[in-house]
Amino acid sequence: MEFLKDIWDFMRVRKKFWLLPTIILMLLLGFIIVLGSGSAVAPFIYTLF
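All values reported here derive from a predicted model rather than from experimental measurement. (Residues numbered from 1 in each chain as written. Predicted model: local features only at pLDDT ≥ 70, side-chain atom pairs only at ≥ 80, totals over all residues. Heavy atoms only, no water.)

## A word on the packing of helix H1 (residues 2-14) against helix H2 (residues 19-37)
Axis angle and axis distance: for two packed helices, these are the angle between their axes and the distance between the axes, and together they describe the pair. Contact geometry for H1 and H2: axes closest at 11 Å, N-to-C directions at 160 degrees. In terms of their interaxial angle, H1 and H2 are classed as roughly antiparallel. The residues of H2 that touch H1, namely those facing Ile7, Phe10 and Met11, are Leu19, Leu20 and Ile23. Partitioned by chemical class, the residues of the contact of H1 with H2 number six nonpolar, no polar and no charged. (Axes fitted to C-alpha atoms, helices over the stretch in contact; angles between N-to-C directions. Helix = DSSP H or I, 4+ residues; strand = E, 2+ residues; numbered from the N terminus. Parallel < 35°, antiparallel > 145°, perpendicular 65-115°, else oblique. Contact = heavy atoms within 4.5 Å. Nonpolar A, V, L, I, M, F, W, Y, C, P; charged D, E, K, R; others polar.)

## Comments concerning the pattern of salt bridges
A complete count under the given rule lists two salt bridges for this structure. Asp9 is paired through a salt bridge with Lys5; the nearest N and O atoms lie 3.2 Å apart. Here Asp9 pairs with Lys5, and both are found in helix H1, just four residues apart, close to one helical turn. When its relative accessible area of 23% is taken as the criterion, Asp9 is described as partly exposed. (Salt bridge = Lys/Arg side-chain N within 4 Å of Asp/Glu carboxyl O. Buried < 20%, exposed > 50% of the residue type's maximum accessible area, 1.4 Å probe, protein only.)

## What to know about the packing of aromatic side chains
Across all of its chains, the model carries one aromatic pair by this definition. Here the aromatic rings of Trp8 and Phe17 are separated by 5.8 Å at their centres, their planes lie at 55 degrees, and the arrangement is tilted. Relative accessible area serves as the criterion here: at 39%, Trp8 is assigned to the partly exposed category. (Phe/Tyr/Trp six-rings, centres within 6.5 Å; stacked < 30°, edge-to-face > 60°.)

Here it is in structure tokens:
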């Protein structure tokens, strides 16, 4: 959680709020990859792509 706090502090101090959608998209994509790598949900995730 310290890493997320550091990222938030960086964006707040340097006014780089445009990075927020990019970070959220990367986290979401990473979550989908981890979830789909070895579970029963994998066939449903592959149909999205």
